[in-house]
Structure formats: C-alpha cells, structure tokens
Amino acid sequence: MAESQNMQGIAIVGCGIVGSSVAKILSRDHSMLQARVTTSFSLVKIVDINFDRAKSLGLDETLFEKNLESVLKNPSIHCVVELVGGTTFAKEVIERSLNAGKHVVTANKALLAHHGNELLALARKNNVVLAFEASCAGGIPVIRALYDGLLANRIDALFGIVNGTCNYILTQMTLHGKTYETALSEAQKKGFAEADPTLDVSGGDSAHKLAILAALAFGQKINLDAVDVTGIDQLELCDVMYGMDLGYVMKLLAISIRQDGGITLAVKPSFISREHPLAWVSGPFNAVSIYGHATGHTMYYGRGAGGDPTASAVISDILSVVNGSARASFFGCTIWPDIADASRAMPVSEPVSRFYIRVMASDEPGVLAGIASILAKYGISISSVLQKEKDPDADMPEAVPVLITTYPARQNSVLEAIREVDELAVVQSKSVCINIIDEHPEWKHHKTQS
Ligand code: HSE
C-alpha cells in the first residue's frame, strides 16, 4: 500500500516515432531503469487517437487511452510526457498538465523556442518542473551539460550540428554523391525528419534548438526572430565540392558567440576545416561544441534524431523527475530563461567571420582587379583567390567561377560588397557567399563577466 502511494505514475501523450520508443523502453527495460532510482515509477497511460504503431510494437493495450481529460484528473499520474509535436495541441497539453499539477517532460523544440519562457513560468507557478533534454540534439545530454556540468563556466561560444536530417543529407551528397532529393527521402524513411521536412532543410528546426541552447548557455531570454537563419535548401552542390577542394567540409551550423558585449545568433551552411572536430560528424549524428571560460573547448556528440536516441533523453528526464533531481535544478538554478534577464547581452547584428565567395564572371582581363577593388573599398582583406577553368558541362558554360576566401570581416560589409560586385557587367549571376568557421580560440576572454 505504501509503495502504491509513493508510486510515480507516468503518462505519454503522443505515440508517434518518439512516443512509441519511449513506451517500448519504459515497458521492456522497466526493471533495469527502476533499479537506478529509489522511487518507484510506472508507465500508466499512453494517450493517442491511433494506436497502430503502439500495437505493432506489442505494447500493453491496457495502457491505451484516448481521453486526455481522464489522465489530467488521475491523481496517480505525476508526470505527463508530451510527444505530440507542433505548437497548438501540444501547447494545450502542456499548459493543462502543468495547471493540473503534473510535471511535464517534452521533446518539443518548436514549442519551447516560441513559448518556452511562458511555459517555464507556468511550471514554476504550479510548483512543478518542465524538463526538455530531448528538445535539442536527440540523445546527447547537452541541456544537462549546460545547467549542470558546465555551471562553473561563463560560456563564450557554442557551435552545433543540431539537425540530423540536414547532416544526413549533406553527408550523403558530399561523400556518396547522392542527390538532395534522394538523401532527403532517405532521411524521412529513417524517421529523422520532421513531419514537415521544410522545417529541417530551411534551418528552422536548428534555429529552434539554437534559441533553447543559447538561452541556457548565455543565461538570457532569446527571441527566436533574432536568429539569422539560412537553410541547406538553396545550397548548390558545386560550392560543396569547391569547398572540399579548398580543404573545407560543409555543415549546417547553429552558432552563438559572445562578441562586442552581446551574442551572435545564426544558423547557416558553413565551411569548416577538414581538421575541425565538427568536420567528422556525419550522417544523422549531431555534435555541440561549447567553449567555457574555465574548461575551454568541450564537445558533445551522438545521435541527434530517431526514436530510440530521442527516447533516451526523454527517459533520462522522466527519471530525473522521479528522483527529484529535475526539481532541484529547476528551482535551484537561476539560468532558466523564464527568470533570466532579458536585457543582458543582447544579440549583435554584425557577426564577424571569414567568408567564401563564388563569383560567376566572364573570362576576360581585369575581372579579378574589379572584384578585388570593391572588396578593398569595404575593408575586406582577401586570403586566397582561385579562378577555375570554364566547364562546358556547367549550367553557365561561358562563365568562370572565381573563388575567393577572405580574412575575418563584418558580415554586413561582405554582403554590401557582394551586392556591388554583382552589378559589374562581367558578373553573370548572383554571387554565393558562405561563412567559414575557424576553430574558436579557447579562453578568448580572460575577464570574468556575467
Ligand atoms: N528532425 C529533427 C532532426 C529531429 O533531423 O534533427 C530531431 O530533433
């Protein structure tokens, strides 16, 4: 009797790819998981309107429940696991659960990026926790790293490959010569992509994750609109290949760097050196590099998408709710964005980096001089120039690609210079500009600041 009173009941809402994996692991591995925490817990309900996937996994049908209200009213359920996805019904599920005094675990990055502050505040008001390890980088415990393992640090920079679908597509294109469409369709079949894969390839999903990670890393409220987002959907394979010739690997990076008293916030296809630790992160794997003022460079690597890896993060949150450590962190730390200062370290509008520029120009004397003089006018220093030969099989056989890499320059200056370059009579199409991310220096700022 005493045991059933202390039993922590868990309900999963949403039995899709991640929800069914969570239910499967909680059921199949219950005795192993139970042995790791001192409080008893049990999966009590799985809420959905369609149980085909759950049935195909052989889950206990007595757990199936179509009525959310009955779960919210059930006093034996202490924790609701929201795995519906999206920002409408999922928000309602979370709000109603928190208001019913239930702890909530979620993997919903889109919802947190848009409404995280208000949902965290609602949890705090109801004296329960909202845990979201699975929202960023799938099975990698990077949220925990930020609020726990790295708490001694002022974070100076964060670079992430946080979308498994995009990393899978880029890897298949660059290493295996597959087309963008084939690679995307494979990523969908493997369960990495969002229901609407536009969110993946447009960079939106990475922006959601960056907003969540940067809020914790820099201890401030992040406005999603402040993230400068470019996806991989406009990327041309020739640039991926030219970059490889120059020693670079193309990755979709989520970037946030402490700079000029603020932080930069960007998601962009970026070139990184073949030697960069993020360069060998391939397929659906994710990695997040974080630079702390005391620890220097740390990197977190693992599977960023898919049912079981994401379930690993969800279940670690469930166990933290069950053993009380989630409560201790949520109420004992001050870095959560609902209670963070909105005005500290605002995003900066002019990030600085090196750039790769491809200009498609007529093959005639003076072209390079014309481009170089415009770059010089904007104070942009050229690091290297490579003019390729005409390619009779290319879309523009009469134009030659002029590949330029720059030394660090302000992004706005580079974009303005390129606009001017594109007005030259010899330039035959819009130029391409991709930032180059060098390895971030460790211990860049020695002074401690908040
Ligand atoms: N669609 C996401 C990805 C799933 O590809 O990374 C994990 O958030």
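Each chain carries its own residue numbering, running from 1 in the direction its sequence is written. Local features in this predicted model are restricted to residues whose pLDDT is 70 or higher, and side-chain atom pairs enter the listing and the counts only when it is 80 or higher, whereas totals over whole chains, interfaces and linings include all residues. In computing side-chain properties, one takes all heavy atoms of the structure into account and sets aside hydrogens as well as water.

## Thoughts on the overall build of the protein chain
Check the secondary structure of the protein chain and you find 17 helices and 18 strands. Over its C-alpha atoms, taken along the principal directions, the protein chain stretches across nearly 90 × 50 × 35 Å. In this scheme, a residue with accessible area under 20% of its type's maximum is buried, one over 50% is exposed, and one in between is partly exposed, where area comes from a 1.4 Å probe on protein chains only. Across the 450 residues of the protein chain, 56% fall into the buried class. By definition, residues are in contact when any of their heavy atoms lie within 4.5 Å. A separation of at least 24 residues holds for 73% of the contacts in the protein chain among residues at least 6 apart in sequence. Note on areas: Shrake-Rupley with a 1.4 Å probe; residue coverage comes only from the protein chains shown. Summed over its atoms, the accessible surface of the protein chain is roughly 18,900 Å², and 51% of this surface lies on carbon and sulfur atoms. By the counting rule applied here, Lys and Arg register as positive and Asp and Glu as negative, while His and the ends of each chain are not counted. Here the site of a charge means atom NZ of a Lys, CZ of an Arg, CG of an Asp or CD of a Glu. Considering the protein chain, the positive charge centre built from 38 side chains and the negative charge centre built from 48 side chains are found 7 Å apart. Helix numbers and strand numbers start at the N terminus; a helix is a DSSP run of H or I with at least 4 residues, a strand a run of E with at least 2.

## Regarding the pairing of strand 16 (residues 399-406)
In regular strands, side chains alternate between the two faces of the sheet. Buried residues dominate strand 16, accounting for eight of its eight residues. Residues Ala399, Pro401, Leu403 and Thr405 point to one face of strand 16 and Val400, Val402, Ile404 and Thr406 to the other, with burial holding for every one of them. Bridging between strand 14 (residues 352-362) and strand 16 involves seven bridges; their strand directions are antiparallel. Opposite arginine 358, over in strand 16, you have leucine 403 as the bridge partner. Each pair of strands is called paired provided DSSP finds at least two bridges between the two strands. In this sheet, strand 16 lies alongside strand 15 (residues 382-387) in antiparallel orientation, the contact comprising five bridges. Within strand 16, the residue paired with glutamine 387 across the bridge is valine 402.

## Regarding the domain arrangement of the protein chain
Frequently, the measure chosen for interface size is the accessible area that the parts lose on association. Residue ranges assigned to each domain were obtained from an automatic or database domain assignment. As assigned here, the protein chain comprises domain 1 (4-135), domain 2 (142-304 + 334-339) and domain 3 (352-437). Each of domain 1 and domain 2 has a C-alpha centre, and the two are 27 Å apart. Each side of the interface is counted separately: domain 1 has 13 residues, and domain 2 has 17 residues. Counting each side, the surface lost to burial between domain 1 and domain 2 is near 1,400 Å², with a carbon and sulfur contribution of 61%. Together, Lys109, Asn117 and Glu133 form the three largest contributors to the area buried by domain 1 at its contact with domain 2, with a combined 41%. Salt bridges are defined by distance alone: a side-chain nitrogen of Lys or Arg within 4 Å of a carboxyl oxygen of Asp or Glu. Put simply, domain 1 and domain 2 have four salt bridges between them. Each polar contact in these results corresponds to two N or O atoms within 3.5 Å; when the atoms are within protein, one needs to be able to donate a hydrogen and the other to accept it, and residues that are neighboring in sequence are counted only if both atoms are side-chain atoms. Counting across the interface, domain 1 meets domain 2 through six residue pairs in polar contact (both at pLDDT 80 or more). The classification used treats Ala, Val, Leu, Ile, Met, Phe, Trp, Tyr, Cys and Pro as nonpolar, Asp, Glu, Lys and Arg as charged, and all other residues, Gly among them, as polar. Taken together, the residues of the side of domain 1 that touches domain 2 sort by class into seven nonpolar, three polar and three charged. Buried area: the accessible area, evaluated with a 1.4 Å probe, that two parts lose upon being put together, summed over both parts.

## A look at the packing of aromatic side chains
To pair, rings of Phe, Tyr and Trp, with the six-membered ring standing in for Trp, must have centres within 6.5 Å; the planes then decide the type, stacked if under 30 degrees apart, edge-to-face if over 60, and tilted in the middle. Considering all chains together, one arrives at 11 aromatic pairs under this definition. The interplanar angle of 80 degrees and the centroid separation of 6.0 Å between the aromatic rings of phenylalanine 159 and tyrosine 291 together place this pair among those described as edge-to-face. Taken together, the residues phenylalanine 159 in strand 7 (residues 155-161) and tyrosine 291 in strand 12 (residues 285-292) connect sequence positions 132 residues apart. Aromatic side chains phenylalanine 271 and tyrosine 356 sit 4.9 Å apart centroid to centroid with 70 degrees between the ring planes, which places their arrangement in the edge-to-face category. Taken together, the residues span a long stretch of sequence, with phenylalanine 271 in strand 11 (residues 266-273) and tyrosine 356 in strand 14 at a distance of 85 residues. Note on accessibility: phenylalanine 271 and tyrosine 356 belong to one class, buried. By definition here, charges over rings are those cases where NZ of Lys or CZ of Arg is within 6 Å of the ring centre and within 35 degrees of the ring normal. Seen from the ring of phenylalanine 331, arginine 124 lies directly overhead, with NZ or CZ sitting 5.7 Å from the centre.

## Description of the sheet that holds strand 5 (residues 103-106)
The strand order across the open sheet built from six strands is 3-2-1-4-5-6, with neighbouring strands paired in parallel fashion. One side of each edge strand has no neighbouring strand; the edge strands of this open sheet are strand 3 (64-65) and strand 6 (130-131). Pairing analysis gives two bridges linking strand 2 (residues 41-47) to strand 3, with the strands arranged parallel. Across the sheet, the residue bridging to valine 47 is glutamate 65, located in strand 3.

## Re a nonpolar patch on the surface
Candidates for patches are residues over 30% relative accessible area with no salt bridge; among them, like charges are joined within 9 Å and nonpolar side chains (Val, Leu, Ile, Met, Phe, Trp, Tyr) within 5 Å. Taken together, the side chains of Leu175, Leu237, Met241 and Met244 make up a nonpolar region of the molecular surface, amounting to roughly 320 Å² of accessible area. Inspection of the secondary structure assignment puts methionine 244 in helix 13 (residues 237-245). Given a relative accessible area of 30%, methionine 244 falls into the partly exposed group.

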